[in-house]
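Chain residues, written in single-letter form:
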Amino acid sequence: MGGNLTPRLKRLLQEGGCRFERQGKGDHEIWYSPLSERRFVVDAKILSRHTANAVLGQAGLPKSF
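Summarised in this report is the structure supplied together with it. (Residues numbered from 1 in each chain as written. Predicted model: local features only at pLDDT ≥ 70, side-chain atom pairs only at ≥ 80, totals over all residues. Heavy atoms only, no water.)

### Some thoughts on the pattern of salt bridges
- Counting across every chain of the model gives three salt bridges.
- Between Arg 19 and Glu 21 there is a salt bridge, with its nearest N and O atoms 3.6 Å apart.
- You can call Glu 21 partly exposed: its relative accessible area is 28%.
- The partner of Glu 21 in a salt bridge is Arg 39, with the nearest N and O atoms 2.7 Å apart. Linking Glu 21 in strand E1 (residues 19-23) with Arg 39 in strand E3 (residues 38-43), this pair joins segments that are 18 residues apart in sequence.
- The exposure class assigned to Arg 39 is exposed, which follows from its relative accessible area of 53%. (Salt bridge = Lys/Arg side-chain N within 4 Å of Asp/Glu carboxyl O. Buried < 20%, exposed > 50% of the residue type's maximum accessible area, 1.4 Å probe, protein only. Helix = DSSP H or I, 4+ residues; strand = E, 2+ residues; numbered from the N terminus.)

What follows is the structure, encoded as structure tokens:
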């Protein structure tokens, strides 16, 4: 499969209006989505397209992986 999906995921989140809020525990980041009005976690190394799509869903964005 494609390796680390996080860089592409972060790009999609930013294009969708989401923003990085702060560093979380370990290699996790806390992001905020104005669409879903939720905070959610983005791992530094997401290898599963299912996980990447789940993050997009939490952000209120369409699946892209």
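### Quick look at the environment of Arg 11
- Residue position: Arg 11 is located in helix H1 (residues 6-15).
- The partly exposed category is assigned to Arg 11, whose relative accessible area is 46%.
- Once the C-alpha coordinates of Arg 11 and Pro 62 are considered, the two residues, 51 residues apart in sequence, prove to be 14 Å apart.

### Things to note about the side chain of Glu 29
- Within the secondary structure layout, Glu 29 lies in strand E2 (residues 28-33).
- Given a relative accessible area of 15%, Glu 29 falls into the buried group.
- Reaching out from Glu 29, the side chain makes a polar contact with the side chain of Trp 31 at a distance of 2.9 Å.
- Beyond its immediate stretch of four places on either side in the chain, Glu 29 contacts Lys 10, Phe 20, Arg 22, Gln 23, Gly 24, Phe 40, Val 41 and Val 42. (Polar contact = N/O pair within 3.5 Å; in protein donor to acceptor, adjacent residues only side chain to side chain. Contact = heavy atoms within 4.5 Å.)

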